[in-house]
Amino acid sequence: MSQDIIKPGSTIGILGGGQLGKMSAAAAHALGYKTVVWGQSEDEPALQACTYRIVAPFTDASALAEFCNKAQVATTEWENIPVPLLQEMEGRGLLVRPSSKVLAIAQSRRAEKGFARSIGAEPVPHLYIPGPEALQDAEDYSDLFPGILKTDRLGYDGRGQMAISDQSSLIEAVERFAVPCVLEKRMLLDSEYSALVARSACGEMSVSDCVRNVHKDGILSQTSWCQGMLPEVARRDVAGFLHQAAESVALEGILVIEFFVSEGRLYFNELAPRPHNSFHGSIEAARTSQFEQHVRAICNLPLGSVTFRDPFVMRNLIGNTGDLQAHLAQAHVSVHLYGKGESRPGRKMGHVTTIVPCD
Ligand code: ADP
Ligand code: MG
């Protein structure tokens with residue numbers, strides 16, 4: 001059964017109502033699928049763009065029954081979908097792709113770092129801090145100063161992070177968060193990259209080109225790609241880690257890994273088993289967009305190729321959508337507005353992709 005193709009005309013269930021779900025739904029519809037999106041509040045973008053909509057908390061039993069009834073396969077567009085909910089769906093016989101096990105890794109920074117090691121990649125130097133009491137053991141954290149304290153769970157777009165300069169700021173931050181955390185050494189970043197692997201239930205695999213990311217205040221600001229931009233260390237190792245990652249969890253779907261290059265070495269930062277902001281440029285610039293690749297992988301269709309035909313720059317519209325006329329006046333530009341009602345500082349409102357010669 002799990003090796004069967006999920007045929008066009010079937011319904012893909014998407015958990016989460018954000019822009020990743022909206023763009024995934026568009027790709028699903030283009031291939032002839034229907035979608036059911038389960039979001040938690042009326043104004044979520046993907047709820048504007050699906051065949052069937054469910055708006056309810058993820059604890060709602062009748063919403064669960066309705067979702068399982070409609071969907072032939074379920075996938076997530078948001079990392080913090082409760083793992084027990086996915087396990088319940090799996091228990092009811094619904095195909096969940098990627099599986100609850102993969103999402104469980106992505107939900108914990110500690111688990112991600114263990115996973116990085118298991119595939120032979122190097123996480124940034126770090127220590128796990130279960131709570132304030134752990135600091136009394138006089139373990140020496142000073143090797144990691146200056147550092148960044150990150151909550152083990154539920155952080156995103158730089159949230160759930162605090163800069164640490166010394167022991168007293170560490171104690172204060174651990175007490176303030178009051179949840180398990182990971183202290184990472186603050187690395188001097190030469191550059192940041194991400195890459196995507198797709199694997200289908202039949203075992204076919206495809207690794208993307210690597211894109212280059214620039215973050216501001218912990219939020220992805222821009223992503224670009226052009227031929228020959230990768231440093232040697234990334235060219236050598238990234239594809240192998242992606243293959244290894246997909247094989248080791250028997251991935252069914254797509255997975256993106258973020259990497260740092262610091263002082264010439266490659267470090268594993270984190271992973272996301274879903275479409276990723278850094279691959280939005282694939283809609284215009286790649287042979288197959290990440291969203292179409294996601295649909296192909298979870299439906300066990302032949303995979304495409306998330307490799308780029310054209311150099312591009314993708315810029316996020318953060319906090320507000322900016323001047324639409326000015327965006328549209330640029331040459332070779334595609335504007336995506338997510339349709340979020342309310343602008344807020346740090347909120348991703350849309351993105352603009354420009355096909356450009358690289359510098
Ligand atoms: P999020 O889950 O919010 O994306 P990340 O851990 O990826 O959190 O951090 C966001 C960004 O902050 C990174 O892409 C990087 O630019 C910066 N950053 C995070 N951790 C470190 C670190 N240990 N050293 C240097 N910069 C970091
Ligand atoms: Mg990140």
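Just above, that's the structure.
Residues numbered from 1 in each chain as written. Chains lettered and ligands numbered in written order. Predicted model: local features only at pLDDT ≥ 70, side-chain atom pairs only at ≥ 80, totals over all residues. Heavy atoms only, no water.

Engineer: Pulling in residues and values, what's your account of the overall build of the protein chain?
Structural biologist: Of the regular secondary structure elements, the protein chain holds 11 helices and 18 strands. At 20 Å, the protein chain has a C-alpha radius of gyration in line with the 21 Å of a compact globule built from 359 residues. When the backbone C-alpha atoms are referred to their principal axes, the protein chain occupies close to 60 × 50 × 40 Å. Each of the 359 residues in the protein chain was classed as buried or not, and the buried ones make up 55%. Put simply, of all contacts in the protein chain between residues at least 6 apart along the chain, 62% involve residues at least 24 apart. Roughly 15,300 Å² of accessible area belongs to the protein chain as shown, and the carbon and sulfur atoms make up 50% of that amount. (Helix = DSSP H or I, 4+ residues; strand = E, 2+ residues; numbered from the N terminus. Rg over C-alpha atoms; globule rule 2.2 N^0.38 Å. Buried < 20%, exposed > 50% of the residue type's maximum accessible area, 1.4 Å probe, protein only. Contact = heavy atoms within 4.5 Å. Areas by Shrake-Rupley, 256 points an atom, 1.4 Å probe, with all protein chains shown as cover.)

Engineer: Can you explain the coordination of the magnesium ion (ligand 2)? Please cite residues and give values.
Structural biologist: The coordination sphere of the magnesium ion (ligand 2) contains the protein donors Glu258 (OE) and Glu270 (OE), at a distance range of 1.9 to 2.4 Å. Linking Glu258 in strand E14 (residues 253-262) with Glu270 in strand E15 (residues 265-272), this pair joins segments that are 12 residues apart in sequence. Of the two residues examined, Glu258 and Glu270, each falls in the buried class. (Donors = N, O, S within 2.8 Å, 3.2 Å for Na, K, Ca; no water.)

Engineer: Pulling in residues and values, what's your account of the sheet that holds strand E9 (residues 181-185)?
Structural biologist: On the basis of which strands lie adjacent, the open sheet formed by four strands has the order E6-E9-E7-E8 and antiparallel pairing. Pairing within the sheet leaves two strands with one partner each, and these edge strands are strand E6 (126-129) and strand E8 (161-164). On average, each strand axis in the sheet is tilted by 20° relative to the strand beside it, whichever way the strands run. Relative to E8, strand E7 (residues 147-151) runs antiparallel, the two sharing four bridges. The residue bridging Gly147 from the neighbouring strand is Ile164, located in E8. Where helix H5 (residues 109-118) meets the sheet, its contacts fall on E6, E7, E8 and E9, and the angle it forms with E9 comes to roughly 55°. Sheet strands touched by helix H7 (residues 167-177): E6, E7, E8 and E9. Its angle to E8, the strand with the most contacts, is close to 165°. (Pairing = 2+ DSSP bridges. Axes fitted to C-alpha atoms, helices over the stretch in contact; angles between N-to-C directions.)

Engineer: Give me the lowdown on the sheet that holds strand E4 (residues 73-76), citing residues and values where you can.
Structural biologist: Strand order across the open sheet formed by five strands is E3-E2-E1-E4-E5, with parallel pairing between neighbours. Edge positions in the open sheet fall to strand E3 (52-55) and strand E5 (95-96), since each of these has one partner strand only. Pairing analysis gives four bridges linking strand E2 (residues 34-39) to E3, with the strands arranged parallel. Within E3, the residue paired with Val37 across the bridge is Arg53. Strand contacts of helix H2 (residues 61-70): strand E1 (11-15), E2, E3 and E4, with the helix running at about 165° to E2, the strand carrying the most contacts.

Engineer: Please give an account of the side chain of Thr11 that cites residues and values.
Structural biologist: Turning to its location among the elements, Thr11 is positioned in strand E1. For Thr11, a relative accessible area of 5% corresponds to the buried category. In this structure, Thr11 is in contact with Lys34, Thr35, Val36, Tyr52, Lys70, Ala71, Gln72 and Val73, ignoring residues within four places of it in sequence.

Engineer: Break down the site of ligand 1 for me, with residues and values.
Structural biologist: Around ligand 1 sit 19 residues in total, of which Lys150, Gly158, Met187, Glu192 and Asn269 are the nearest. Here an oxygen atom of ligand 1 and a side-chain polar atom of Glu192 are 2.5 Å apart. The fraction of the free accessible surface of ligand 1 (550 Å²) that becomes covered by protein chains is 91%. Listing elements by their share of the shell around ligand 1, those giving two or more residues are E7, E9, E14 and E15. (Near = heavy atom within 4 Å. Polar contact = N/O pair within 3.5 Å; in protein donor to acceptor, adjacent residues only side chain to side chain.)

Engineer: How would you sum up the pattern of salt bridges? Please name residues and give values.
Structural biologist: The final tally for this structure, using the stated rule, is 16 salt bridges. Here Glu66 ties to Lys70 by a salt bridge, and the two come within 3.5 Å at their closest N and O atoms. Pair noted here: Glu66 and Lys70 are both in helix H2, with a separation of four residues, about one helical turn. Between Glu79 and Arg274 there is a salt bridge, with its nearest N and O atoms 2.7 Å apart. One end of the pair, Glu79, is in the loop between E4 and helix H3 (83-91); the other, Arg274, is in the loop between E15 and helix H9 (282-285), with 195 residues separating them in the sequence. The two residues Glu79 and Arg274 agree in class, both being buried. (Salt bridge = Lys/Arg side-chain N within 4 Å of Asp/Glu carboxyl O.)

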